[in-house]
Every structure is written in structure tokens, then in C-alpha cells.
Amino acid sequence: MPSSVMPTPRSAADGRPSSTAISATGLRKAYGDKTVLDGVDLHIPAGSVFALLGPNGAGKTTTVKILSTLVTPDAGQARVAGHDLAAEPQAVRAAIGVTGQFSAVDGLITGEENLLLMADLHHLSRHEGRRVAAGLLERFDLVQAAKKPASTYSGGMKRRLDIAMTLVGDPRIIFLDEPTTGLDPRSRHAMWGIIRELVSGGVTIFLTTQYLDEADELADRIAVLNGGRIVAQGTAEELKRIVPGGHVRLRFSAPDVYQRAAADLRGAARDDEALTLRIPSDGSQRELRSVLDRLDAAGVEADELTVHTPDLDDVFFALTDGDATPHPAPQTRQTQNQARTQQEDAR
Ligand SMILES: Nc1ncnc2c1ncn2[C@@H]1O[C@H](COP(=O)(O)OP(=O)(O)OP(=O)(O)O)[C@@H](O)[C@H]1O
């Protein structure tokens, strides 16, 4: 399996502001004799969503902690928002926001007080702090709950407050460590909407997740971390193409047309009862064209043509350890349908 699907673009070496939000080379980290990160390289363009996938204990949170200056790597270099992680940690901290497993929300005080505390930490004037807090309470649908202790908030409200607190500092890069773990489907979708809105405002999102549909839905690029290394990275579509399972399915209604097509498309798996042919394919335009050309040459026309590409679950299981257990993602209608189609195909 290739270590990387796509070539890694060069990062700016002269320190001038560039369109690269995060670049890292050779990041290593061990705890005692356990190597957690074993040479991680990353390149994340500004204004994009990057998702880091990996099974439990793969080192996703460790990567976030290193890039957000909370943990020092044993080796490797990284630039975040144009600043060297080791030489300018304060500048990195000023440019980023971090939310997730180590939430900053204080449950003993109200949502509004949490935001005002953040405004104080960012040295905003009293007036400006109140203005910013009011705007964020409105934006994150927390006005009703503003005067209640944060400990009374639901999981979704706490996550929204956490992100709102991060935004007080107007960060250009936000690390979201498993932002929707434990949220119900409505809250997950609300969180996805928030993430999309942030990106449309030019913010770069570094997301860790075990929900494959979340990465599929949000990320411009996805990297899979396993055994301390990035074992593959690319767009969701690129990743899906590197695992086997993709095929084109042709369905015919006339048995004689089906027989002619089956005779011509040698190598296709036949289902004589359903009058369908299944041709292994990576789903690319080139392969699709070749199938269509062969049908044209044989003078036959299929009644239905469907392209099946593997989903990110296939990618995850193919690339990570056998004992890797991603959290069961709440199934969307689409993944349920895909699963049904795959079961049907297997019959
Ligand atoms: N401070 C620490 N001391 C010792 N071991 C640690 C420490 N922090 C993390 N580890 C270990 O490093 C490994 C990677 O942990 P990390 O939290 O980065 O994984 P993760 O991919 O975020 O996992 P999860 O999905 O379960 O949150 C784990 O085996 C963990 O036990």
C-alpha cells in the first residue's frame, strides 16, 4: 500500500505568509517505550478542512496536542499559521483555537460568563467583550441558556459553547478533536453546519474523528493514521479508489441482450437470474468509458448502469490494524442504502 496517495506539496521555506496553514515533517513522539508517532508528515492548505482518521490510540490527540503546542515532539518540525512551532510557540497559540476532548468550558459558571472570561483572557475591553459574547451567544443559539450554569447544558450545547469560546480569539486555524463524539444526529448535523460556516469564513479546520461519514462529509483531504504513521492521504474519493471493491453493474431486461453482453464482456461476474453483470472498476471516467465502448462495439445497451465505489469504512478497515474499532457511526440513509446494495451484491 502506498504511504501517500498524493504527492506532498512543498511548503514555504522563507517564513513569509503562505497559503499553507499547517506543515509538519517527521513528527515523532514516544511515551516510555511506546512509540505513538513515528514520523508524521502533513501539509494542510489554508481555508480547508483536514480530517485525521485513525483507530483508538492511533495518536490523533497526540498530533493535535503537538501542533497546538501543548506537547513537545521528540523529533520533527512543524509550521502552524506561518510560525515555527518550536521557535515561536506564543505566535502559534495566538493564531489557533483548540476544542474537543480537553474542553475549556467551566461548568460552574454560566455560558455567558465563560465567554466573558475568554474575552478577558484575550484582553478585550469590557464593552468589546460584552459585544463579542452577545454576538456568539446569538450565532450559536445559546441566548436562552446564556444565564444558566454550563453544567446544565446538553452535550450539543456544551460543544457549541466550546467552539464559541474558541472564536473569541478570532483564530485562523481551529483544531477540533472528535467534535461530535457522543452527540445525537441533530446535534451532529448542527455541528457540521457550524464547521462549514467557519470554513466559508476562511478558517482552516483540523479535525480528528472516528466517524468516517463525518470525514467524508466535511473534509477536503483525509489522512489515515495507523501504527504511528500516515498510511494514506487524499480526498475521500481518492482514498476510496485505492481499496478493492469498486465495480460497475449493468442490468438488462432482455435475456438475449444480457447473453450478448456477457459473451462480450469477458471477466464480468454474471448473475443470470437478475440479468446483471458486475465488472471490477475503480470508478474512474477512463474505466467507465472503456466499458461503454465495449458495449457500443457489441451493439448492446444496458437498461441500467450503476457505479459502486468502496466507502470510507472499506478504506479504514483495509488500512488500519485488524483490532481497530472505529466508533459505530450513526448510519445515514445513504450508508444504509450502500450497505443494503453491498448485501444485495454479495448474494
Ligand atoms: N501523557 C501520556 N502518557 C503516556 N501515554 C500516553 C499519554 N498520552 C497519550 N498516551 C498514549 O499514546 C497513545 C495515543 O494516544 P492518543 O490519545 O493520541 O490517541 P487517539 O488516536 O487520539 O485515540 P482515541 O481515538 O482513543 O482518542 C495511546 O496509547 C495513549 O495511551
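Definitions and limits used
- Throughout, residues of each chain are indexed from 1 in the direction in which the sequence is written.
- Residue-level local features of this predicted model are given only where pLDDT is at least 70; pairs of side-chain atoms are given and counted only at 80 or more, and the full residue set underlies all totals for whole chains, interfaces and linings.
- UniProt positions are given in the numbering used here, feature names are shortened, and annotations may be inferred rather than shown by experiment.
- Field definition: a residue is buried when 20 or more other C-beta atoms are found within 10 Å of its C-beta, exposed when 12 or fewer are, and partly exposed for counts in between, with C-beta atoms placed from the backbone.
- Secondary structure elements follow DSSP: runs of H or I no shorter than four residues count as helices, runs of E no shorter than two count as strands, and numbering proceeds from the N terminus.
- DSSP calls a pair of strands paired once it identifies at least 2 bridges connecting them.
- To get an axis, fit a line to the C-alpha atoms, keeping to the stretch in contact for a helix; angles then go from 0 to 180 degrees between the N-to-C directions.
- By convention here, the C-beta atom is placed from the backbone, and a residue is near a molecule or strand when that atom is within 6 Å of it.
- Asp, Glu, Lys and Arg are counted as charged, while Ala, Val, Leu, Ile, Met, Phe, Trp, Tyr, Cys and Pro are counted as nonpolar; the rest, among them Gly, fall into the polar class.
- One less than the residue count of a helix, multiplied by 1.5 Å, gives the span that helix is expected to have.
- By definition, residues are in contact whenever their C-beta atoms, placed on the basis of the backbone, come within 7 Å of each other.

- With an unreviewed UniProt entry as reference, the protein is termed ABC-type xenobiotic transporter, source organism Streptomyces laurentii.
- Its UniProt record gives the protein the following Subcellular location (unreviewed entry) comment, quoted word for word: "Cell membrane".
- What UniProt records for the protein under Sequence similarities (unreviewed entry) is the sentence "Belongs to the ABC transporter superfamily. Drug exporter-1 (DrugE1) (TC 3.A.1.105) family."

## A look at the pairing of strand S7 (residues 173–177)
- Burial analysis of S7 places 5 of its 5 residues in the buried class, the great majority of the element.
- Side chains of S7 alternate between two faces, with Ile173, Phe175 and Asp177 and Ile174 and Leu176 buried alike.
- Note: strand S6 (residues 96–99) against S7, 4 bridges, orientation parallel. Pairing of Gly97 across the sheet is with Ile174, part of S7.

## Observations regarding the sheet that holds S7
- What the 6 strands build is an open sheet, ordered S6-S7-S8-S3-S9-S10; its pairing is mixed. In the strand order of this sheet, the two ends are held by S6 and strand S10 (229–234), each with one partner. Sheet twist, expressed as the average angle between the axes of neighbouring strands with direction ignored, equals 15 degrees.
- Where strand S3 (residues 49–53) lies against strand S8 (residues 204–209), 5 bridges are found, and the strand directions are parallel. Paired with Ala51 across the strands is Leu207, a residue of S8.

## Things to note about the sheet that holds strand S11 (residues 247–251)
- As summarised here, the arrangement of the 4 strands in space is S12-S13-S11-S14, forming an open sheet in which the pairing is antiparallel. Edge positions in the sheet fall to strand S12 (269–271) and strand S14 (304–308), since each has one partner strand and no second. Between one strand axis and the next, the sheet turns through 15 degrees on average, direction left out of account.
- As paired elements, S11 and strand S13 (residues 276–280) share 5 bridges and run antiparallel to each other. The residue bridging Val248 from the neighbouring strand is Ile279, located in S13.

## Digging into the site of the ligand
- By nearness alone, every residue bordering the ligand is listed as Tyr31, Val36, Gly54, Asn56, Gly57, Ala58, Gly59, Lys60, Thr61, Thr62 and Gln210.
- Broken down by element, the residue count for the shell around the ligand peaks at 3 residues, all from helix H1 (residues 60–67).
- Among the residues making up the shell around the ligand, the classes are represented as 3 nonpolar, 7 polar and 1 charged.

## Brief notes about helix H5 (residues 155–167)
- Relative to the 18 Å expected for 13 residues at 1.5 Å per residue, H5 spans 19 Å between its end C-alpha atoms, a close match to the ideal helical length.
- With respect to burial, H5 is a largely interior element, 10 of its 13 residues being buried.
- Along H5, the positions that sit buried rather than exposed are Met157, Arg159, Arg160, Leu161, Asp162, Ile163, Ala164, Met165, Thr166 and Leu167.
- Tucked inside the fold, the buried residues of H5 contact S6, helix H3 (111–121), helix H4 (126–139), S7 and helix H6 (185–200).

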